[in-house]
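Here are the chains, one letter per residue:
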Amino acid sequence: MSATAKFWNRMAKGYAKSSIADQASYEHKLELTRSYFTPETEVVEIACGTGSTALLHAPHVKHILATDISENMLAIAREKAATQNIPNVTFECTPLEDLTVPDGSVDMVMAHSILHLLPKPEAAIAHAHRMLKPGGLFVSSTVCLQDGLGFFKYILPIARAVGYAPPHVGFMKGTELAAMIEQAGFSLEHNWRPGPKKAVFIIARKV
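Residues numbered from 1 in each chain as written. Predicted model: local features only at pLDDT ≥ 70, side-chain atom pairs only at ≥ 80, totals over all residues. Heavy atoms only, no water.

### Notes on the side chain of Ser-70
- On the secondary structure map, Ser-70 appears in the loop between β2 (63-68) and α4 (71-83).
- Apart from residues no more than four positions distant in its own chain, Ser-70 is found in contact with Trp-8, Asn-9 and Cys-93. (Helix = DSSP H or I, 4+ residues; strand = E, 2+ residues; numbered from the N terminus. Contact = heavy atoms within 4.5 Å.)

### Comments concerning the packing of helix α1 (residues 3-17) against α4
- Contact geometry of α1 with α4 gives a least axis separation of 7 Å together with a crossing angle of 35 degrees. Contact residues: α1 offers Trp-8, Asn-9, Ala-12, Lys-13, Tyr-15 and Ala-16, while α4 offers Glu-71, Asn-72, Met-73 and Ile-76.
- Residues of the contact of α1 with α4, tallied by class, amount to 6 nonpolar, 2 polar and 2 charged. (Axes fitted to C-alpha atoms, helices over the stretch in contact; angles between N-to-C directions. Nonpolar A, V, L, I, M, F, W, Y, C, P; charged D, E, K, R; others polar.)

### Digging into the pattern of salt bridges
- Taken as a whole and assessed by the stated rule, the structure comprises 7 salt bridges.
- Glu-40 is the partner of Lys-62 in a salt bridge, and the nearest nitrogen-oxygen pair spans 3.9 Å. A residue pair is termed long-range when its members are at least 10 positions apart, and Lys-62 in the loop between α3 (52-57) and β2 and Glu-40 in the loop between α2 (23-34) and β1 (42-46) qualify at 22 residues.
- Since its relative accessible area comes to 45%, Lys-62 is described here as partly exposed.
- Residue classification places Glu-40 among the exposed positions, given a relative accessible area of 53%.
- One salt bridge connects Arg-130 with Asp-103, and the closest N-O pair in it is separated by 2.6 Å. Pair noted here: Arg-130 is in helix α5 (residues 121-131) and Asp-103 is in the loop between β3 (89-93) and β4 (106-112), with a separation of 27 residues, a long-range link.
- Its relative accessible area of 55% is what places Asp-103 among the exposed residues. (Salt bridge = Lys/Arg side-chain N within 4 Å of Asp/Glu carboxyl O. Buried < 20%, exposed > 50% of the residue type's maximum accessible area, 1.4 Å probe, protein only.)

### A look at the nonpolar core
- Among the nonpolar cores identified, the biggest contains 39 residues, and Val-44, Val-109, Met-131, Phe-138, Leu-177 and Ile-181 are the most heavily contacted of them.
- Excluding residues that lie within four positions of it along the chain, Ile-181 makes contacts with Ile-125, Phe-138, Ser-140, Phe-186, Leu-188, Ile-202 and Ala-204.
- Within the second largest apolar cluster, 22 residues are counted, among which are Cys-48, Val-61, Ile-64 and Met-110. (Core = buried A, V, L, I, M, F, W, Y, C linked by side-chain atoms within 4.5 Å.)

### Describing the environment of Ile-76
- For Ile-76, the location among the structural elements is in helix α4.
- Residues Ile-76 and Leu-177, spaced 101 residues apart in sequence, show a C-alpha to C-alpha distance of 31 Å.
- Not counting residues up to four positions away in its chain, the partners in contact with Ile-76 are Ala-12, Lys-13, Ala-16 and Thr-50.

Here it is as structure tokens:
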């Protein structure tokens, strides 16, 4: 098991109890995403955590394959799905590079609060591009720490030393993220940040 998986396994219960910092922005992101759904939409979510977003979207699509590297996170997600009687979300514990989804087979790939935690976010974006049908959508919400939050570079080593930060946290600007997504073969349809130092929400179409 990787150090990252061990970290999120340890954090799972606390993460599940945490509240959304900006509920209004989260609701707007849900609404924007749903504007692209049809009853036949097939979705893959990367790093689904405890499944909250997948379960909220599930009634509007055909199926969601929600993946994460933390089995403890997914155990909570599966329990929530069972309690809410939501049958069309499948949870799979796997790193992105081992995810077996045929090329060009899904309508949307979601990657929320994960790209800045990956050593090579461009590789994850390329995986998303591969899985998507022509014209498919990549939807992401990403904290771009280089935009006004660079001081975290000095806090992270301390947080990591006491077990409260994951092994990798990347620093990039929102403009760098947008360029990375475009360079992977996408056209941006939404590039929205609800306020300074907030996460950047992007909906991009495979071209």
